[in-house]
Amino acid sequence: MTTMYAALLRGINVGGSRKLPMADLRTLMEELGHARVRTYLQSGQAVFGADRGDEDALAAELARAIEERFGFPVDVIVRDHAYLRAVAEACPFPAAELEPRQLHVTYFSGPVAAERYAYIDPAAHLPEEFRLGDRVLYLYAPEGLGRSRLADALSRARGADALIATSRNWNTVTKLVELTEPA
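Reading the values: the criteria
Residues numbered from 1 in each chain as written. Predicted model: local features only at pLDDT ≥ 70, side-chain atom pairs only at ≥ 80, totals over all residues. Heavy atoms only, no water. Axes fitted to C-alpha atoms, helices over the stretch in contact; angles between N-to-C directions. Helix = DSSP H or I, 4+ residues; strand = E, 2+ residues; numbered from the N terminus. Parallel < 35°, antiparallel > 145°, perpendicular 65-115°, else oblique. Left-handed = near helix turned anticlockwise from the far one by under 90°. Contact = heavy atoms within 4.5 Å. Phe/Tyr/Trp six-rings, centres within 6.5 Å; stacked < 30°, edge-to-face > 60°. Buried < 20%, exposed > 50% of the residue type's maximum accessible area, 1.4 Å probe, protein only. Lys NZ or Arg CZ within 6 Å of the ring centre and 35° of its normal. Salt bridge = Lys/Arg side-chain N within 4 Å of Asp/Glu carboxyl O. Core = buried A, V, L, I, M, F, W, Y, C linked by side-chain atoms within 4.5 Å. Pairing = 2+ DSSP bridges.

A. Spatial organisation of the packing of helix α1 (residues 22-31) against helix α2 (residues 55-70). Their axes nearest at 11 Å, the elements α1 and α2 cross at an angle of 125 degrees. Considering their axes alone, α1 and α2 lie oblique with respect to each other. Like other packed secondary-structure pairs, α1 and α2 cross with a definite hand, here right-handed. For the pair α1 and α2, contact is made by Asp24, Leu25, Leu28, Met29 and Glu31 and by Leu62, Ala65, Ile66, Arg69 and Phe70, respectively.

Put into C-alpha cells, the structure is as follows:
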C-alpha cells in the first residue's frame with residue numbers, strides 16, 4: 001500500500017545559494033522509486049508516494065541522494081499525511097481567524113523537550129507566542145516572521161539533541177496536508 005509523504009528540505013534556494021531546481025528534485029525522487037512526486041514552491045517541499053513507511057530512512061535516503069547528485073548536504077525531514085493533518089488540526093492558535101503570514105510551524109526531526117526553550121520569557125515577547133506539539137513548534141507572530149523578536153530568540157535555542165528543524169508558514173502547512181491526501 002502506498003503512503004503519501006512530504007519531504008521538507010532545509011535551507012535550499014535561499015539567498016542564491018544551495019540551488020536545487022525543483023524539476024531536478026522531482027527527477028531524483030522518481031529515480032529513487034517514489035510515485036506521484038510533486039514539488040511545492042521553490043523553498044524545498046516535495047510530496048511523494050512510497051510503499052515503505054520508515055520516515056527517518058526515507059529522509060536519510062533522500063539526503064544522501066541529494067548530496068551525491070548536487071554536491072552539498074541538505075537536511076531532510078519526511079512526514080506522512082496523517083501526521084501532517086494531525087499537526088494542522090492540533091494548532092493551538094485560531095488559524096482560521098489569522099492571516100497565514102502570522103502563523104508558522106517548525107518541524108523537528110524528533111521530540112522537542114520544553115527545556116530547550118526554558119531561557120525564553122514568554123511575557124517579554126507578547127503578543128507573540130509559541131507552543132510545542134508533537135515534534136513541532138507553533139509560532140504566532142502577528143507582525144510576520146520577518147519582524148518577530150520571538151522567532152529570533154527561538155532560533156538561538158540549541159539542544160544537545162542535534163535535531164533538524166525547518167519552518168513553514170501556515171499556507172504551506174495546509175497545502176502539504178492537501179497535497180499528501182491519499183488518492
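B. Fine view of the packing of aromatic side chains. In total, this model carries three aromatic pairs according to the counting rule given. On the basis of an interplanar angle of 25 degrees and a centroid distance of 5.5 Å, the ring pair of Tyr5 and Phe48 is categorised as stacked. In this pair, Tyr5 is assigned in strand β1 (residues 3-9) and Phe48 in strand β3 (residues 45-50), connecting sequence segments 43 residues apart. For the pair Tyr5 and Phe48, one class covers both residues: buried. Against the face of Tyr83 rests Arg79, its NZ or CZ located 5.4 Å from the ring centre.

C. View of the pattern of salt bridges. Following the criterion strictly, the structure yields 10 salt bridges and no others. Glu31 is the salt-bridge partner of Arg69, the closest N and O atoms lying 2.3 Å from each other. Here the residue Arg69 occupies a position in helix α2, and Glu31 occupies one in helix α1, the gap between them amounting to 38 residues. Look at the salt bridges and you will find they share partners, linking Glu55, Arg79, Asp134 and Arg135 into a network.

D. Quick peek at the nonpolar core. The biggest cluster of nonpolar side chains holds 24 residues, and the ones touching the most others in it are Val105, Tyr107 and Trp170. No other element matches the five residues that helix α5 (residues 170-179) contributes to this core. Excluding anything up to four places from it in sequence, Val105 contacts Val87, Val136, Leu137, Tyr138, Thr166, Ser167, Arg168, Trp170 and Val173. Of all hydrophobic cores here, the second largest spans 23 residues; its members include Met22, Val37, Phe48 and Ala63.

E. The pairing of strand β4 (residues 76-80), seen in detail. Across the five residues that make up β4, a large majority, four, are buried. As paired strands, β1 and β4 are joined by five bridges and run antiparallel to one another. When the sheet's bridge partners are listed, Leu8 is paired in β4 with Ile77.

Interpretation note: all reported values are geometric properties and have no functional meaning in isolation.
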